[in-house]
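Survey of secondary and tertiary structure
Chain by chain, the residues run as shown.
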Amino acid sequence: MAEPNTPDIVYTKVDEAPELASASLLPIIRTFAAAAGVSVGTRDISLAGRIIAAFPEALTEAQRQSDDLAVLGELVKTAEANVIKLPNVSASVPQLVAAVKELQSQGYALPDYPEAPASEAEHQARARYDAIKGSAVNPVLREGNSDRRAAVAVKKFAQSNPHSMGTWASDSKTHVSSMSSGDFFSNEKSATLSAAQAGAVSIELVAADGTTTVLKDGITLPAGTVVDATFMSAKALDAFLAEQIAATRADGILFSLHMKATMMKVSDPIIFGHAVKEFLKPVFEQYGAELEAAGVNPNSGIGDLMARIKGKAELEAAVKAAIEAGPPMYMVNSDRGITNLHVPSDVIIDASMPALIRAGGKGWGPDGKEADTNCVIPDNSYAPVYDEAISYFKETGALDPATAGTVQNIGLMAQKAEEYGSHPTTFEIPAAGTVRMVLENGEVLHEHAVEAGDIWRSATARQAPIEDWVALAIERQAAEGCQAIFWLDEARAHDAELIRYVKPILEAKGVADKFLILAPREATRLTFETIRKGETSIAITGNVLRDYLTDLFPILELGTSAKMLSIVKLMQGGGLFETGAGGSAPKHVQQLVEENHLRWDSLGEFCALGESLKFLAAVKGNAKAKVLGEAVDIATQGILDSNRSPSRRVGQPDNRDSHFWFALYWAEALAAQTSDAELAAHFAPVAKALSENAEKIVSELAAAQGTPADLGGYYHTDPVKTEAVMRPSATLNAIIG
Ligand SMILES: NC(=O)C1=CN([C@@H]2O[C@H](COP(=O)(O)OP(=O)(O)OC[C@H]3O[C@@H](n4cnc5c(N)ncnc54)[C@H](OP(=O)(O)O)[C@@H]3O)[C@@H](O)[C@H]2O)C=CC1
Ligand SMILES: O=C(O)CCC(=O)C(=O)O
Ligand SMILES: [Mg+2]
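- Looking up the protein in an unreviewed UniProt entry gives the name Isocitrate dehydrogenase [NADP], with the organism given as Paroceanicella profunda.
- For the protein, the Catalytic activity (unreviewed entry) comment in UniProt is given as "D-threo-isocitrate + NADP(+) = 2-oxoglutarate + CO2 + NADPH".
- Word for word, the UniProt comment on the protein under Sequence similarities (unreviewed entry) is "Belongs to the monomeric-type IDH family."

Shown next, in the form of structure tokens:
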């Protein structure tokens, strides 16, 4: 059961650009909803909020915060859940450390993040910080599978207002490089647990000398669970990286590494660290002891390394020389000298690869110019999607967003399906031996011979979420009547187990002929061919491809994934409405702080709000919520039709302007509707006041732009300062109240 005082809708407090947007939009939502008796509460899932909640004993009574993520984690397991979830930071270690430092500077007596915990207290602090790190929110809240697609109006708008696309040259040197052996893909084993195999599972390392170390126990898996185990060989990875660095240099193109160090919070920072070490090999060989003494952890990137050796001229010169000796690197920010390998969370594959493909295969080099790029994606499980996309565009030229059809996604992710649940079962192997997954009945389910440094991981997917995912796919295909493809490779161990679920369900429902099952590479090609004809395709995928494809296709079709409708149909009957498929856009905060312009597009919030209100109407029979929700859809349409989305440049309308127009169109739609006279009467004067003062409001908003903005913090902003920045129109504020 949900807590007795749960509001009708919970709106999440998050980080960076979406949180800034909330400072302006949420007061409007609350005021409008209150008029219809709909309550909108908030829960804090921001990085800073989660850190504060984890250390109550270190803080004063006034500083303490409840563990809102835990509360929401319970709520989403109930039918009462109606949550609007904005993107939050999935923190890398450098981000976590920066957030802790900021809070300490604000008087929060938090322990430092212990890089190398020694005492019991440090081990405890480290365990709490590790739980906050990476993708720690989404797997908890996503108690349902994912349905992401562009709303019809949004897709139509993109077709009639196509964004610019880079051109693809057939002789582009841009390509994807992946390991051909020794990676997670090659080493994967998978099995579905029978009733006799269900129960407790332990993971142990049997060393060469026969001693056994338990890596993890206390896991209980029910019958029907698909259990995978695999590993990446550290030696094979290093050899591959060395080869790619040399080959990139020889080709005269940019070196780039694309990982998901946030969502894959244990394995991917380690792989990223291998790349840092390989790129700076002479430095680590010559100065290894000094780097260690300075507390350098390559997994945290070159940025952290540079900060730790600051002032040590010889070391600094050695790092500079090593970077110069390597191929030019793909840059995050060439003006500031921030490379791909500076921070593990700066280049995140789901957003970075599509942006590069949208640009015609170009990345930014250290000279501030665009260039072809070697896209290094070590594991070969999903890299073929990007490889095939790039080959396809080299052959056919860029996609035309004016005519392209659309790709929707049904993604398996409920109950920490697949890689989402793999964090506690991923290990950097301390010594050579055999890793074994041992079942309660004594059987060894999977085993691998490993060497020190190898990265071993197990992921699982439970029966109920898999069946729910197939059911959702059937429902969506029936609704659209279009092509629908299960992106599953029968030659891959894990996918073969999923296919054993999928096929009988499709056959039993009599819909097998409506679906294709294709390996990712083949599915990529067919899907591009389909949307090139202007048609729709539904990609039904596992968790990682859910993540990758719901940025890839929208970024090519709509220019951004921020405009996606992103619904999580919770398995217990509740609703979780995500706002777009993108993240928290740190670059937008940088621009706001420098020139007080927020280019964040809240279309994702508008779409989610409409869905959330209509869901409230449907499950609680709340007629006023239905009226509010339908009016939100009209207002969202108005934003598109009248081109009220934020512009990218200072001096032009921004996020705050779009919220004003949204409020105006919403109020007008409510005043005009005839299903609820009381609401119409209430909103008529609001619409009138907003409309009559439009010019004044817009000029007050414009006046705020152009000078630096002070938010009083980055991860933990000052609410009063933020409100002053985000609500600069006294006229609008007076009408909203
Ligand atoms: N659901 C979640 O909770 C998610 C969280 N994240 C987190 O977000 C952070 C940033 O991730 P990153 O990989 O940079 O991806 P983002 O999606 O945040 O940003 C990449 C780019 O996409 C564009 N963009 C994204 N959202 C919007 C929007 N609403 N309006 C306009 N443009 C938008 C921006 O392009 P431009 O700069 O050209 O304007 C932005 O720089 C990370 O901390 C990550 O962990 C990431 C994905 C999902
Ligand atoms: O959970 C995360 O870290 C990011 C998730 C994400 O990028 C997505 O859901 O698209
Ligand atoms: Mg994503």
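1. Here we look at the site of ligand 1
- Near ligand 1 you find 22 residues, and of these Ser90, Ile348, Ala562, Gly582 and Gly583 are the closest.
- Along the lines of polarity and charge, the residues of the shell around ligand 1 split into 8 nonpolar, 11 polar and 3 charged.
- Counting only domains with at least three residues in the shell around ligand 1, you end up with domain 1 (9-163 + 558-736) and domain 2 (234-377).

2. Notes on the sheet that holds strand E7 (residues 199-207)
- Read from one edge to the other, the open sheet built from 4 strands follows the order E8-E7-E17-E18, with strand pairing classed as antiparallel. At either margin of the open sheet sits one strand with a lone partner, and together these are strand E8 (212-221) and strand E18 (444-450). The sheet shows a mean angle of 15° between the axes of neighbouring strands, taken without regard to direction.
- Inspection of the sheet shows strand E17 (residues 433-439) paired to E18 by 6 bridges, in the antiparallel sense. Residue Met437 lies in a different strand from E18, and its bridge partner there is His446.

3. A closer look at the sheet that holds strand E16 (residues 426-428)
- With antiparallel pairing, the 4 strands of this open sheet are ordered in space as E6-E9-E19-E16. The open sheet terminates on both sides in strands that have one partner only, identified here as strand E6 (189-192) and E16. Going from strand to strand, the sheet's axes swing by 10° on average, the running direction of each strand aside.
- Taken together, the 7 bridges between strand E9 (residues 226-232) and strand E19 (residues 455-461) define a ladder with antiparallel strand orientation. Bridged to Thr230 within E19 is Arg457.
- Where helix H17 (residues 493-508) meets the sheet, its contacts fall on E6 and E9, and the angle it forms with E6 comes to roughly 20°.

4. Remarks on the site of ligand 2
- Lining the immediate environment of ligand 2, one finds Ser90, Ser135, Asn138, Thr262, Met263, Asp350, Asp547, Thr550 and Ala581.
- Split by domain, the residues of the shell around ligand 2 number at least three in each of domain 1 (9-163 + 558-736) and domain 2 (234-377).

5. Overview of the domain arrangement of the protein
- For the protein, the assigned domains are domain 1 (9-163 + 558-736) and domain 2 (234-377).
- Each of domain 1 and domain 2 has a C-alpha centre, and these two points are 33 Å apart.
- Each partner contributes residues to the interface: domain 1 has 11 residues there, and domain 2 has 15 residues.
- Here the residues of the side of domain 1 that touches domain 2 sort into 2 nonpolar, 7 polar and 2 charged.

6. Considerations on the packing of helix H1 (residues 16-35) against helix H26 (residues 719-726)
- Interhelical geometry of H1 versus H26 gives an angle of 70° and a closest axis separation of 9 Å. What the angle tells us is that H1 and H26 run roughly perpendicular. Along the contact surface, H1 presents Leu20, Ala23 and Ser24, while H26 presents Thr722, Glu723 and Met726.
- Considered class by class, the residues forming the contact of H1 with H26 number 3 nonpolar, 2 polar and 1 charged.

7. Focus: the UniProt feature "binding site: D-threo-isocitrate" (unreviewed entry) in the protein
- Taken from the UniProt record, the annotation "binding site: D-threo-isocitrate" (unreviewed entry) applies to Arg148 and Arg546. A maximum C-alpha distance of 8.7 Å places the annotated residues, which cover 399 residues in sequence, within one compact spot.
- Among the structural elements, Arg148 can be located in strand E4 (residues 144-149).
- Overall, the presence of 26 C-beta atoms within 10 Å leaves Arg148 in the buried class.
- Beyond its immediate chain neighbours, meaning those up to four positions away, Arg148 contacts Gln408, Asn409, Thr550, Met564, Leu565, Ser566 and Ala581.
- Among the secondary structure elements, Arg546 is positioned in helix H19 (residues 543-557).
- Setting aside residues up to four positions removed in sequence, Arg546 forms contacts with Ser146, Asn409, Gly411, Leu412, Met413 and Thr541.

8. Observations concerning helix H14 (residues 349-358)
- Burial analysis of H14 places 9 of its 10 residues in the buried class, the great majority of the element.
- Looking at H14, one finds that the buried residues are Ile349, Asp350, Ala351, Ser352, Met353, Pro354, Leu356, Ile357 and Arg358.
- The first or second residue beyond H14 is Gly360, which carries a positive phi of 80°.

Conventions used here
- Residues numbered from 1 in each chain as written.
- Chains lettered and ligands numbered in written order.
- Predicted model: local features only at pLDDT ≥ 70, side-chain atom pairs only at ≥ 80, totals over all residues.
- UniProt positions renumbered as here; feature names shortened; annotations may be inferred.
- Near = placed C-beta within 6 Å.
- Nonpolar A, V, L, I, M, F, W, Y, C, P; charged D, E, K, R; others polar.
- Domains from an automatic or database assignment.
- Pairing = 2+ DSSP bridges.
- Helix = DSSP H or I, 4+ residues; strand = E, 2+ residues; numbered from the N terminus.
- Axes fitted to C-alpha atoms, helices over the stretch in contact; angles between N-to-C directions.
- Contact = placed C-beta atoms within 7 Å.
- Parallel < 35°, antiparallel > 145°, perpendicular 65-115°, else oblique.
- Buried ≥ 20, exposed ≤ 12 C-beta atoms within 10 Å, placed from the backbone.

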